[in-house]
Amino acid sequence: MTGQEVSVRLTVDGTDRQLDLDPRVTVLDALRDELGVTSVKKGCDHGQCGACTVIADGRRIVSCLALAASYDGAEVTTAAGLGTTDRLGPMQQAFADRDALQCGYCTPGQICSAVAMLEEARAGMPSHVSPDVAVAEVDLTDAEVRERMSGNLCRCGAYVNIVAAIQDVAHTKEDGAA
């Protein structure tokens, strides 16, 4: 402990939270250790697996590499904030419907990443495999989805079903049915 603390306000899954933290505390550790939010998983703690992915101010972040003090005032959405057990969010429901999980450890990060990734695609953000980065409309092919989700690892290998679940939501949203 440095003996110094910083005051950090986060809105987590719609609830305003005020924390006094060591300035070196990550968003992941603030969520899990300080606030008891266990839907966020600690995987590699090096930003390589994506298990800790959350949505901060509308953008996906690997929370194990993000200092909480840098996100003072941010709105943080975890997988738990995307739906409830009684009423799953569209991506959560698609993952369940498509059996896009096995052990489930990576699933919260996968779901947060997928939700934010679809918003990135809708905003016209290209990826490494986008055929023409000047085109504002992204064609979410399976290759495009796989590239955009490449920062989220699944040790069980549920990738085929994960891509299918994301495609279900992408097409439902485009059709206005969700």
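For the structure itself, look to the data block above.
The residue numbering used here restarts from 1 in each chain and proceeds along that chain's sequence as written. Selection of residues for local features in this predicted model requires a pLDDT of at least 70, selection of side-chain atom pairs for listing and counting requires 80 or more, and totals for whole chains, interfaces and linings are taken over all residues. To obtain the side-chain values, all non-hydrogen atoms of the structure were used and water was disregarded.

Trainee: Give a detailed account of the sheet that holds strand E2 (residues 15-21), specifying residues and quantitative values.
Mentor: Backbone-to-backbone hydrogen bonds join strands into a sheet, with any given pair of strands oriented parallel or antiparallel. Whether two strands pair comes down to DSSP finding at least two bridges between them. Only runs of H or I of at least four residues qualify as helices and only runs of E of at least two qualify as strands under DSSP, and these elements are numbered from the N terminus. Ordered by their spatial adjacency, 5 strands build an open sheet running E2-E1-E5-E3-E4, and the pairing between neighbours is mixed. Only two strands of the sheet have a single partner each, and these edge strands are E2 and strand E4 (59-62). Each strand of the sheet is rotated relative to its neighbour by a mean of 40 degrees, with strand direction disregarded. Strands strand E1 (6-12), E2, strand E3 (53-56) and strand E5 (75-77) of the sheet are contacted by helix H1 (residues 27-34), whose axis makes an angle of about 105 degrees with E2. The angle between two axes is taken between their N-to-C directions and runs from 0 to 180 degrees, where each axis is a line fitted to C-alpha atoms and a helix contributes only its stretch in contact. Only heavy atoms enter the contact rule, under which two residues are in contact if any of them lie within 4.5 Å.

Trainee: Lay out the environment of Arg 9 in plain terms, naming residues and giving numbers.
Mentor: In this structure, Arg 9 sits in strand E1. Partly exposed describes any residue whose relative accessible area lies between the buried limit of under 20% and the exposed limit of over 50%, with all areas from a 1.4 Å probe on protein chains only and scaled to the type maximum. Residue classification places Arg 9 among the partly exposed positions, given a relative accessible area of 31%. On a C-alpha basis, the gap between Arg 9 and Ala 74 in space is 7.4 Å, while along the polypeptide they are 65 residues apart. Beyond its immediate sequence surroundings of up to four residues, Arg 9 is in contact with Asp 16, Arg 17, Gln 18, Tyr 71, Asp 72, Gly 73 and Ala 74.

Trainee: Now, about a negative patch on the surface: what can you tell me, with residues and values included?
Mentor: Together, Glu 5, Asp 20, Asp 33 and Glu 34 make up a negatively charged patch on the protein surface. Within the element layout of this structure, Asp 20 appears in strand E2. Patch members must show over 30% relative accessible area and no salt bridge, and they are joined within 9 Å when carrying like charges or within 5 Å when they are nonpolar side chains of Val, Leu, Ile, Met, Phe, Trp or Tyr. Computed with a 1.4 Å probe, the accessible areas rest on the Shrake-Rupley method; for each residue, only the protein chains presented here act as cover. Each reported salt bridge corresponds to a side-chain nitrogen of Lys or Arg within 4 Å of a carboxyl oxygen of Asp or Glu. In this tally, Asp and Glu contribute negative charge and Lys and Arg positive charge; neither His nor the terminal groups of the chain are included. Charge positions come from single atoms, namely NZ of Lys, CZ of Arg, CG of Asp or CD of Glu.

Trainee: Could you give an account of the side chain of Ser 113, with specific residues and numbers?
Mentor: Topologically, Ser 113 is positioned in helix H3 (residues 107-122). Between N or O atoms, a polar contact is any pair within 3.5 Å; within protein, one atom must be a potential hydrogen donor and the other a potential acceptor, and residues adjacent in sequence are included only when both atoms are from side chains. At 2.8 Å, the side chain of Ser 113 forms a polar contact with the side chain of Asn 152.

Trainee: A description of the environment of Gln 110 should follow, citing residues and the corresponding values.
Mentor: In this fold, Gln 110 is placed in helix H3. For the pair Gln 110 and Cys 64, spaced 46 residues apart in sequence, the C-alpha to C-alpha distance is 15 Å. The residues touching Gln 110, leaving out its near neighbours within four places in the chain, are Phe 95, Met 149, Asn 152, Leu 153, Cys 154 and Ile 162.

Trainee: Describe the environment of Arg 32, listing the residues and the values that go with them.
Mentor: By the secondary structure assignment, Arg 32 is in helix H1. Here Arg 32 falls in the partly exposed class, since its relative accessible area comes to 28%. As a C-alpha pair, Arg 32 and Tyr 71 span 39 residues in sequence and 16 Å in three-dimensional space. When near neighbours in sequence (up to four residues on either side) are disregarded, Arg 32 contacts Val 37, Thr 38, Val 40, Lys 41 and Lys 42. Polar contacts involving the side chain of Arg 32 include one to the main-chain carbonyl oxygen of Thr 38, which spans 3.3 Å.

Trainee: Quick rundown of helix H2 (residues 90-97)? Include the residues and the values.
Mentor: Burial in H2 covers these residues: Met 91, Gln 92, Ala 94 and Phe 95. Projection of H2 onto a plane perpendicular to its axis shows the buried side chains occupying an angular sector of 160 degrees, all on one side. Asp 99 occupies a position one or two residues after H2 and carries a positive phi of about 55 degrees. In this description, the arc belongs to the directions extending from the helix axis to the C-beta atoms.

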